[in-house]
Amino acid sequence: MSSSQPFLASSPISPAAGRRRKSRFTYKHLTQLGNSSTTCPLRVIAHIDLDAFYAQCEGVRLGIAEDQPLAVQQWQGLIAINYPARKFGLNRHINIVEAKKLCPNLIIQHVATWKEGDEKWAYHKDAFAHIATHKVSLDPYRLESRRILACIKDVLPAPPIQRVEKASVDEVFLDLSAQIHSILLERYPEISGPAPYDDPTEFLPRPSTTALDWNTDALVDLDVSETEDDDPDWDDIAILLGSEIVRLVRAAIRERLKYTSSAGIARNKMIAKLGSGHKKPNQQTIVRNRAVQYFLGEFKFTKIRNLGGKLGDEVVSKFATDEVKELLSVPIEQLKSKLGDDTGTWVYHIIRGEDSSEVNARTQIKSMLSAKSFRPIINTSEQAVRWLRIFVADIMSRLVEEGVLENKRRPKTLNLHHRQGAQMRSRQAPIPTGRPIDESMMFDIAKNLLGQIVVDGRAWPCSNLQLSVGGFEDGPTGNRGIGGFLVRGEEAKAMMPSGRDTDGVASTNDDELPEKRRRLNDGGIQNFFQKGEISHEDSAEYSDPADHAGNTSPVQSGPSSDETSERVNYDEEAKTKRSTTQHRGTLAPLQQSSLESWFCDRCSKSIPITAKSEHEDWHFARDLQAQERTTSTPDPRSDSSKATGHAQGPKKTQGTRPGNLSIQKRIEKGQSRLAFGNKLS
DNA sequence: GTGGATGAG
DNA sequence: CGCTCATCCAC
């Protein structure tokens, strides 16, 4: 039974089908809809998925006819196959010659690649021949993804009504609740007034509509036990409105940018996602609330997000089934005892179609990675350093493309992953604040990280290297909260209490804050890019000298306590200049001795390896002094209780990894670093 | 905060 | 398959 959703199957007043005079939903539910509350039973979520995205990108780029079979090649494999080609039985795990055999008419396009020394990726002829010297670039697809995202945002109402979450390069979630709420009030005056007796628990009147035009959308069938003859209620109206919105969004993407997409519309992210995959390509699927049970029952639960991997396997083996239908009969207590309380509870609810995870109004990435699997494997630091140059150039150009400079976001850490056979190691270092990021700085840090891995031993031969930047959202927290700075979007959100209230207060979308909120009463926005000397040629355009406010917060301490802070000029003029400024970084020539000097992250300088300990001691002493000056604020930042329960996903059960085989030597270093860190914190 | 693992596409 | 991106967790 659907006892888990009392508002669906049984209502406090649940007379014969079609005879109810009241809706199953209350005025409170309607208000929740306007708030995009994650618990609102009228909620409408959409998932839009571009069809065979990489293949479509190439088709659009090359002007290839849409019915032409087309596949995208990456080295020897195919990573995307368009729908015309799929009719020939092509799939992703097939090689080039087999594909050609099955479909002689197939067009195969290799992805773009980066070549060492080039300042940009390009579509190279005969790319496969250069596997040893090029790395693939997915930039073309990221760029198209951005255009599509912009298109979606353009056709939807402005934030905060608009809520768009970029789920991957070719997928978005939309929370249409708030928009639908305003449409409902507009179109149905009978519910636009206040609740009778001002009592929000009063039930709404029934919709005046008696039959809905479900258009040509794929409507998920109902189980025989469900009642189709029931008159539509407000959840049906809401989801139909959602479907109309999605139709418009998809049409805009289609007409403006030539891309087809598929979509699912449902009451939560999980069902919407399953729905978008139900009918492809170029179709949309509505999963009404009353159809959820039946729709979900037909699936293997390993198709549900988070159950596609080891957790799913574990559930399969512990309950001897992979079907949702079977698992529904397992009592929650048994799920909890076999999977752990949190995971068991999460599984219990998710297979019943309950998912209250929110659509995060987030479209910006949090990390960026450039990687290469070596074929053949490489054996020297020389080779590795050459790849680092490519990685750095790649990441740098993507940083510029992302507009991170304009948005006042910048990565905080640089990370180098290294693989030797099955052994994976990584080292990361902070990206020094106080001056603009450029290629030579990143290259220096990357070389240093490589050095750290190399001196640990067992570095060669190396089969894979990845360089990444991360920690995009965090500016320096040291100055916050003191001057009452109003910060932008993501940062403001990060400062909010972690738990949303039960009615789901709309969170701030950072992307398009109104101008009046950008401009502060008198505070200015803390610009954490231009602390210290201004060396980058763009810098003069960022800061407003007349606006200088020496910030001498005592929290800001350490080796860089003498930094000054500048405020940002948000004039449109400056904005234009900024966005048109081109990045043209140049790398210093490769140095033979690069691994013999040591790069100090603290002051961003290269130090002879022989002077390393002395230099570190100097920092240590300086840190101690700084700490003594600032022994005030306790700052309990630990209590960020993320008790979101199962709303966001299953809680991982205990690691139970097979004992870590890594070397004990590491412990020395780890402990010494830990001790050092403790003194600082 | 760091390094490793999982999971998705 | 190879390349990304996000999240979680023990340390």
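Going by the structure above, here's the rest.
Summary of the structure given here.

Cut-offs applied
Residues numbered from 1 in each chain as written. Chains lettered and ligands numbered in written order. Predicted model: local features only at pLDDT ≥ 70, side-chain atom pairs only at ≥ 80, totals over all residues. Heavy atoms only, no water. Phe/Tyr/Trp six-rings, centres within 6.5 Å; stacked < 30°, edge-to-face > 60°. Helix = DSSP H or I, 4+ residues; strand = E, 2+ residues; numbered from the N terminus. Buried < 20%, exposed > 50% of the residue type's maximum accessible area, 1.4 Å probe, protein only. Lys NZ or Arg CZ within 6 Å of the ring centre and 35° of its normal. Near = heavy atom within 4 Å. Polar contact = N/O pair within 3.5 Å; in protein donor to acceptor, adjacent residues only side chain to side chain. Core = buried A, V, L, I, M, F, W, Y, C linked by side-chain atoms within 4.5 Å. Contact = heavy atoms within 4.5 Å. Pairing = 2+ DSSP bridges. Axes fitted to C-alpha atoms, helices over the stretch in contact; angles between N-to-C directions. Salt bridge = Lys/Arg side-chain N within 4 Å of Asp/Glu carboxyl O.

To continue, consider the packing of aromatic side chains. For any two aromatic rings, the description comes down to two numbers: the centre-to-centre distance and the angle of the planes. Counted under the stated rule, the structure contains eight aromatic pairs. Pairing F53 with Y259 gives two aromatic rings, centres 6.0 Å apart and planes at 50 degrees, and the pair type is tilted. In this pair, F53 sits in helix α3 (residues 53-62) while Y259 sits in the loop between α8 (234-257) and β12 (261-266), placing the two residues 206 residues apart along the sequence. Just as F53 is buried, Y259 falls in that class too. Taken together, the ring pairs in this structure connect F53, Y54, Y141 and Y259 into an aromatic cluster. It is R288 that lies over the ring of W214; its NZ or CZ is 5.3 Å from the centre. Against the face of F443 rests R389, its NZ or CZ located 5.4 Å from the ring centre.

Lining the immediate surroundings of DNA strand C are 23 residues, of which Q74, K135, S367, S373 and R398 lie closest. If you look at DNA strand C and keep only atoms within 4 Å of the protein, 83% of those are sugar or phosphate atoms. In this structure, a phosphate oxygen belonging to DNA strand C sits 3.2 Å away from a side-chain N or O atom of R142. A distance of 3.3 Å is found between a phosphate oxygen of DNA strand C and a backbone nitrogen or oxygen belonging to A371.

Side chains of nonpolar character tend, in soluble globular proteins, to be buried together. Core analysis: the biggest nonpolar cluster contains 57 residues, and I152, L174, L176, I180, L184 and W234 have the highest contact counts within it. It is α8 that contributes the most residues to this core, twelve residues altogether. If near-sequence neighbours (up to four positions away) are discounted, L184 is found in contact with L30, L33, I191, W234, I237 and L241. One finds A112, W121, M396 and I437 within the second-largest nonpolar core, a separate group that totals 36 residues.

As a further point, take the sheet that holds strand β16 (residues 423-430). With respect to topology, four strands assemble into an open sheet ordered β14-β17-β15-β16, the strand pairing being antiparallel. Each edge of the open sheet carries a strand with a single partner, namely β14 (367-378) and β16. Neighbour-to-neighbour, the strand axes of this sheet turn through a mean angle of 15 degrees, independent of strand direction. Across eight bridges, strand β15 (residues 413-420) lies against β16 in antiparallel orientation. Its bridge partner lying in β16, T413 is registered against P430. Each of β14, β15 and β17 (462-470) is contacted by helix α15 (residues 381-401), which is oriented at about 155 degrees to β14, the strand it contacts most.

The next subject is the protein's contact with DNA strand B. Around DNA strand B sit 18 residues, and of these K273, G308, K310, S426 and Q428 come closest. Within 4 Å of the protein, atoms of DNA strand B come from sugar and phosphate in 100% of cases. Contacts to DNA strand B include D170, whose side-chain N or O atom sits 3.4 Å from a sugar or linking oxygen. Within the backbone of L307, a nitrogen or oxygen atom sits 3.5 Å from a phosphate oxygen of DNA strand B. If one sorts the elements of the surface near DNA strand B by residue count, β16 sits on top with five residues.

Turning our eyes to something else, we now look at the pattern of salt bridges. Applying the stated rule across the entire model yields 22 salt bridges. Salt-bridge contacts for D49 lead to K280; the nearest nitrogen and oxygen are separated by 3.6 Å. Placement of D49 in strand β2 (residues 45-50) and of K280 in the loop between α9 (269-276) and β13 (284-286) is noted, with a sequence separation of 231 residues between them. Judged by its relative accessible area of 10%, D49 falls in the buried class.

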